[in-house]
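One-letter residues, chain by chain:
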Amino acid sequence: MTTLHPLSQVTPAAIEALLDAAFGADRHGRTAYAVRAGTEAVADLSYVCLDNQKLVGSLQSWPVVLTTPDHRRMPLIMVGPVAVTPEHQSQGIGNQMTRVVAQRLDLAGVSAMMIGDPEYYEAFGFRSGPASDWSLPGPVEPERILLRAASGSQWPTEGELGADLLRSED
Ligand SMILES: CC(C)(COP(=O)(O)OP(=O)(O)OC[C@H]1O[C@@H](n2cnc3c(N)ncnc32)[C@H](O)[C@@H]1OP(=O)(O)O)[C@@H](O)C(=O)NCCC(=O)NCCS
């Protein structure tokens, strides 16, 4: 039986080891890291998954902002990395964590994006296409920029995505 808990339930080093196991130790060069550089994970939208006290998964979310060509700042959440230890993958843990973050985003009425495989994340409302022309601070396959627009929200097709340092200092 796996259960979700705040990130603070485990040490930062344990989460780093989990991310190394899931993504490889070279993961820090990925564009997703550059997008949210300098921010802190949003506590209410980030958690670890424990199986009898053992860390088996983590999901972190970050404050980011899209700056439109006419200089409007549009805050949203960046979800990810979503990670499950290799020996616990394909047991529904990624699904459990992503479903919960989607429910929390809906409750809060907040839009989110992520860089990920649309084949996996579209089941949770993340769409490939609407954000594929956004500019990110590094290489990215356009179809892997996924947007989960909050109900009633409108997102421009162009803009520059980066860390929301103003919100991170709150
Ligand atoms: C991607 C990840 C978060 C999914 O979590 P999980 O707990 O292993 O997956 P779930 O048990 O929720 O779902 C399993 C299903 O998703 C599919 N799936 C897993 N990763 C997928 C991906 N990247 N793209 C498409 N489908 C995927 C599996 O094939 C499986 O399908 P099935 O049920 O038809 O057999 C996890 O496998 C992981 O941490 N992987 C390493 C990091 C990674 O490669 N991430 C890439 C996505 S950004």
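Everything discussed here concerns the structure shown above.
All values derive from a computational prediction rather than experimental measurement.

Brief notes about the site of the ligand
Around the ligand sit 16 residues, and of these Gln89, Gly94, Asn95, Gly116 and Asp117 come closest. Put simply, the parts of the chain that give the shell around the ligand at least two residues each are helix H1 (12–23), strand E4 (73–84), helix H3 (93–108) and helix H4 (118–121). Along the lines of polarity and charge, the residues of the shell around the ligand split into seven nonpolar, seven polar and two charged.

Some thoughts on H1
In a regular helix each residue adds 1.5 Å, so 12 residues correspond to 16 Å; H1 covers 16 Å between its end C-alpha atoms and thus fits that length. Once H1 finishes, Gly24 follows within two positions and takes phi at roughly 95 degrees, a positive value.

Some remarks on unusual backbone geometry
Omega for the bond connecting Gly80 with Pro81 falls within 30 degrees of zero, at 5 degrees, which places this linkage in the cis form. You can see Pro81 is positioned in strand E4. Phi at Gln53 is positive, roughly 75 degrees, even though this residue is not glycine. Position of Gln53 relative to the elements: it lies in the loop between strand E2 (47–51) and strand E3 (54–67).

A short note on the nonpolar core
Ile77, Met78, Met113 and Met114 are the most contacted members of the largest nonpolar core, which totals 35 residues. Listing elements by their share of this core, those giving two or more residues are helix H2 (31–35), E2, E3, E4, H3, strand E5 (112–115) and strand E7 (145–148). At seven residues, the largest contribution of residues to this core is made by E4. Sequence-distant contacts of Met78, that is, excluding residues within four places in its chain, are made with Val35, Arg36, Ser61, Trp62, Val64, Met113 and Met114.

What about the environment of Pro12?
In this fold, Pro12 is placed in helix H1. Looking at Pro12, the number of C-beta atoms within 10 Å reads 9, which means it is exposed. Placed 75 residues apart in sequence, Pro12 and Glu87 show a C-alpha to C-alpha distance of 20 Å.

Examining H3
The end-to-end C-alpha distance of H3 is 23 Å, a good match for the 22 Å that 16 residues give at a rise of 1.5 Å each. Two residues or fewer past H3, Gly109 is found with a positive phi of approximately 65 degrees.

Rules used throughout
- Residues numbered from 1 in each chain as written.
- Predicted model: local features only at pLDDT ≥ 70, side-chain atom pairs only at ≥ 80, totals over all residues.
- Near = placed C-beta within 6 Å.
- Helix = DSSP H or I, 4+ residues; strand = E, 2+ residues; numbered from the N terminus.
- Nonpolar A, V, L, I, M, F, W, Y, C, P; charged D, E, K, R; others polar.
- Expected span 1.5 Å × (residues − 1).
- Core = buried A, V, L, I, M, F, W, Y, C linked by C-beta atoms within 7 Å.
- Buried ≥ 20, exposed ≤ 12 C-beta atoms within 10 Å, placed from the backbone.
- Contact = placed C-beta atoms within 7 Å.

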